[in-house]
Amino acid sequence: MSQEPWGRVDETGSVFVRTADGERQIGSWQAGSPDEAMAFYTTRYDNLVAEVRTLEERLRSGHAEPTAAQTTISRLRDQITHAAAIGDLDSLASRLDGCHALVQQRRDEAKQAKQAEREAAVAAREAIVTEAETLATKTSWKVTGERFKELLEQWQSAPRVDRSTEQSLWKRFSAARTAFDRARRTHFAQRSTEQAEAKTVKEALVKQAEALADSSDFKQTPKSFRDLMAKWKAAGRAGKSDEEALWSRFKAAQDAIFARLGQENEKTEAEQRENLGKKQALVQRAQALLPLTDLGSAKTTLREIAKEWEGIGPVPRDERAKVEGALRKVEDAVRAAEQEQWRKSDPVARGRAQSTVDQLTTAIDKLRKQLHAAEAAGDERKASEAREAIEARQQWLAQAEAALQEFSG
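Everything numeric here is computed off the predicted structure, so don't read it as measured data.

**Student:** Give me the lowdown on the overall build of the chain, citing residues and values where you can.
**Tutor:** When helices and strands are counted, the chain shows 11 helices and four strands. Here the chain has a C-alpha radius of gyration of 65 Å; the compact-globule value for 409 residues is 22 Å, and the former is much larger. A buried classification covers 31% of the 409 residues belonging to the chain. Looking at the chain alone, contacts between residues at least 24 apart form 66% of all its contacts between residues at least 6 apart. Accessible surface, the chain: about 26,000 Å² in total, of which carbon and sulfur atoms supply 50%. The average position of the 67 basic charges and that of the 67 acidic charges among the side chains of the chain differ by 7 Å.

**Student:** Residues and numbers for the environment of D97, please.
**Tutor:** In this structure, D97 sits in helix 3 (residues 89–135). Classification of D97 as partly exposed rests on a relative accessible area of 42%. Sequence spacing of D97 and I73 is 24 residues, and the spatial spacing of their C-alpha atoms is 8.6 Å. One polar contact links D97 to R77, side chain to side chain, over a distance of 2.9 Å.

**Student:** Residue-level account of the packing of helix 5 (residues 163–212) against helix 6 (residues 221–234), with values.
**Tutor:** Packing of helix 5 against helix 6 leaves a shortest axis separation of 10 Å and a crossing angle of 165°. Classified by the interaxial angle, the pair formed by helix 5 and helix 6 is roughly antiparallel. Like other packed secondary-structure pairs, helix 5 and helix 6 cross with a definite hand, here left-handed. Of the residues in helix 6, those touching helix 5 at K202, L205, V206, Q208, A209 and L212 are T221, S224, F225, L228, K231 and W232. Class assignment of the residues belonging to the contact of helix 5 with helix 6 gives a composition of seven nonpolar, three polar and two charged.

**Student:** Tell me about the pattern of salt bridges, and please be specific about residues and values.
**Tutor:** With the rule as written, the count across this model stands at 27 salt bridges. A salt bridge links E146 to K149, with the shortest nitrogen-to-oxygen separation between them at 3.8 Å. Here E146 and its partner K149 are both found in helix 4 (residues 141–157), three residues apart, which amounts to about one turn of the helix. The exposure class of E146 is partly exposed, given its relative accessible area of 41%.

**Student:** Lay out the pairing of strand 4 (residues 22–28) in plain terms, naming residues and giving numbers.
**Tutor:** Where strand 3 (residues 14–19) meets strand 4, six bridges bridge the pair, whose relative direction is antiparallel. Its bridge partner lying in strand 4, V15 is registered against G27. Where strand 3 folds back on strand 4, the antiparallel hairpin that results is connected by two residues.

**Student:** I'd like a description of helix 10 (residues 347–377), backed by residues and values.
**Tutor:** The end-to-end C-alpha separation of helix 10 is 45 Å, in line with the 45 Å expected for 31 residues at 1.5 Å each. Listing the buried residues of helix 10 in full gives A349, A353, V357, L360, I364, L367, L371 and A374. Once helix 10 ends, the next one or two residues include G378, with phi positive near 75°.

**Student:** Now, about the pairing of strand 3: what can you tell me, with residues and values included?
**Tutor:** Judged from the three bridges that link them, strand 2 (residues 7–9) and strand 3 form a sheet pairing that is antiparallel. Residue pairing across strands places R8 opposite F16, the latter belonging to strand 3. Connecting the antiparallel pair strand 2 and strand 3 is a turn made up of four residues, with G13 showing a positive phi of about 95°.

**Student:** An account of the layout of surface pockets is requested, with residue identities and associated values reported.
**Tutor:** Looking at the largest pocket, its volume works out to about 320 Å³. Lining the largest pocket are 12 residues; nearest its centre among them are N265, T268, E269, Q272 and R317. Elements with a minimum of two residues in the lining of the largest pocket: helix 7 (240–287) and helix 9 (317–344). The dominant element in the lining of the largest pocket, judged by the number of residues it contributes, is helix 7, at six residues. Of the residues assigned to the lining of the largest pocket, the class counts are four nonpolar, three polar and five charged. When its volume is computed, the second largest pocket comes out at roughly 220 Å³. T19, D21, G22, R24, R77, I80, T81, L89, D90 and A93 are the residues that line the second largest pocket. Listing elements by their share of the lining of the second largest pocket, those giving two or more residues are strand 4, helix 2 (66–81) and helix 3. By residue class, the composition of the lining of the second largest pocket is three nonpolar, three polar and four charged.

**Student:** Any details on the side chain of T221? Residues and values, ideally.
**Tutor:** Inspection of the secondary structure assignment puts T221 in helix 6. Residue classification places T221 among the buried positions, given a relative accessible area of 4%. With residues near it in sequence (within four places) discarded, T221 still touches L212, S215 and I257.

**Student:** Now, about the packing of helix 3 against helix 5: what can you tell me, with residues and values included?
**Tutor:** It is the contact of helix 3 with helix 5, at a shortest axis distance of 8 Å, that shows an interaxial angle of 20°. Comparing their axes, helix 5 and helix 3 come out roughly parallel. The element helix 3 and its partner helix 5 pack so that their crossing is left-handed. Contacts between helix 3 and helix 5 involve R118, V122, R125, E126, I128, V129, T130, A132, E133 and L135 on the former and, on the latter, T165, E166, L169, R172, F173, A176 and F180. For the contact of helix 3 with helix 5, the per-class residue count stands at nine nonpolar, two polar and six charged.

**Student:** Residue-level account of the nonpolar core, with values.
**Tutor:** For soluble globular proteins, the rule of thumb is that nonpolar side chains tend to be buried together. L55 and L59 are the most contacted members of the largest nonpolar core, which totals 28 residues. Contributing elements (two or more residues each) for this core: strand 3, helix 1 (34–61), helix 2 and helix 3. The greatest single-element share of this core, amounting to nine residues, is contributed by helix 1. The residues contacting L55, other than those within four sequence positions of it, are A69, T72, I73, L76, L96 and C99. Formed by 15 residues, the second largest nonpolar core is a distinct cluster that contains V283, L302, V323 and V330.

**Student:** How would you explain the side chain of R8 if you had to name every residue and give the values?
**Tutor:** Along the chain, the position of R8 falls in strand 2. Among the polar contacts made by the side chain of R8, one reaches the side chain of E23 at a distance of 2.8 Å.

Analysis parameters
- Residue positions within a chain follow its written sequence, with the count starting from 1.
- The predicted origin of the model limits local features to residues at a pLDDT of at least 70 and limits the giving and counting of side-chain atom pairs to 80 or more, whereas totals for whole chains, interfaces and linings rest on all residues.
- To get the side-chain values, take all heavy atoms of the structure and skip hydrogens and water.
- Counting from the N terminus, the helices are DSSP H or I runs at least four residues long and the strands are E runs at least two residues long.
- Each radius of gyration is computed over the set of C-alpha atoms, and the globule rule expresses the reference value as 2.2 Å times the number of residues to the power 0.38.
- Residue burial is assigned from relative accessible area. The probe radius is 1.4 Å, only protein chains are included, and a residue is buried under 20% of its type maximum, exposed over 50%, and partly exposed in between.
- Only heavy atoms enter the contact rule, under which two residues are in contact if any of them lie within 4.5 Å.
- Accessible surface is estimated by sampling points in the Shrake-Rupley manner with a 1.4 Å probe; for residues, cover comes only from the protein chains shown.
- Counting rule for charge: Lys and Arg are taken as positive, Asp and Glu as negative, and neither His nor the chain ends is counted.
- In this description, the location of a charge corresponds to atom NZ of lysine, CZ of arginine, CG of aspartate or CD of glutamate.
- In protein, a polar contact means a hydrogen-donor-capable atom and an acceptor-capable atom, both N or O and within 3.5 Å, with residues adjacent in sequence counting only if both atoms are side-chain atoms; elsewhere, any N or O pair within 3.5 Å suffices.
- Working convention: axes come from line fits to C-alpha atoms, limited for helices to the stretch in contact. Angles between N-to-C directions cover 0 to 180 degrees.
- Should an angle lie under 35 degrees it is considered roughly parallel, over 145 roughly antiparallel, and from 65 to 115 roughly perpendicular; all remaining angles are considered oblique.
- Here is the rule for handedness: rotate from the far helix to the near one, and if that takes an anticlockwise turn smaller than a right angle the crossing is left-handed, while a clockwise turn gives right-handed.
- We call Asp, Glu, Lys and Arg charged. Ala, Val, Leu, Ile, Met, Phe, Trp, Tyr, Cys and Pro are nonpolar, and the rest, Gly among them, are polar.
- The rule for a salt bridge is simple: a side-chain nitrogen of Lys or Arg has to be within 4 Å of a carboxyl oxygen of Asp or Glu.
- Strands pair, by our definition, only if DSSP identifies at least two bridges between them.
- One less than the number of residues in a helix, times 1.5 Å, gives the span that helix is expected to have.
- Method remark: on a 1 Å grid restricted to protein atoms, a set of points is classed as a cavity if a 1.4 Å probe fits but cannot get out and as a pocket if it is open with protein on both sides within 12 Å along at least five of seven lines; lining residues have an atom within 4 Å of a point.
- Grid points are joined across faces, edges and corners, and a volume is the space filled by probe spheres set on the points.
- Buried residues of nine kinds, namely Ala, Val, Leu, Ile, Met, Phe, Trp, Tyr and Cys, make up a nonpolar core once their side-chain atoms join them within 4.5 Å.

Dropping the structure here:
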């Protein structure tokens, strides 16, 4: 008889295994010794242990697919329950329970991962939709249109989500894209209308500019063209090709106008320089009158100069003040001499000057009599006052006589 902790072989060759449920016969050994029977059935147990260990390792490493692993557990559990093997079958069955727990853990992890993937997929599509809704009101048409194409490609390549969620998100995405497309079509339709209107206005402006290019009204033409330029800027832009063609004609007219104005300005400048020379000669002729010796002759000459001056025409603006100022100085000198002559010949003013001299002379004579009376009376105070009064009036008399003398000059 051969015996181990987990089983035995009796004297008849019957083989038994021990479990928590008791002893169970698993076979009959007649081909050899009891020890050989124990070794044979122990090897069977070791094979089961190897399968359980392999399953445990695959589950711990994450390489075992939960459903396939559960099938393996069920198969091994049936094998262990009815195993014709000697060993700690109860412990091996407990290890299968642990494997079952690992399978459930892997299933929970897979479920969580799948849920996380779904949430990530929904979030990715939600982000696409949110950006599309933000772009729906943008007016940078080209850039936004390209971005919508990129978002559509992202939508098509994004992980799938459940049908209802995807349909709901797609409805929002499609609505945003439609709103942008509608606004873009409206914008370009309106711009097309505006460009057509701008083309009509600018065609008329070009014709007016080309007409001005032949104008001989060099004073009004620059102002008229500035008005046309202001209207051109306010008219908006025509289509690209039309705008370029119209601007080319408008610019050519502008160049022609200013080329003619330049020629006219050169001609005018030459004439003004010639006028300047003539007026400078008149200024020299006028300056030769100074200092004045014959006022009447000077006045006659100055009138002749003024008449010639008026007939000459304008001079360069930067020289005008200088040449006119030089002539004005001579005119001022003649005018001052004329006023002085009038002042000296004014009978009213001469009469006032003579009256002043007479009054002062009379006053001095009276004061002298008072002085003689005071000295005779020995009144030094009155005599001193009379002397001071006489001295003051003699000074005034000298000034008055000098003023009267001017009327005799």
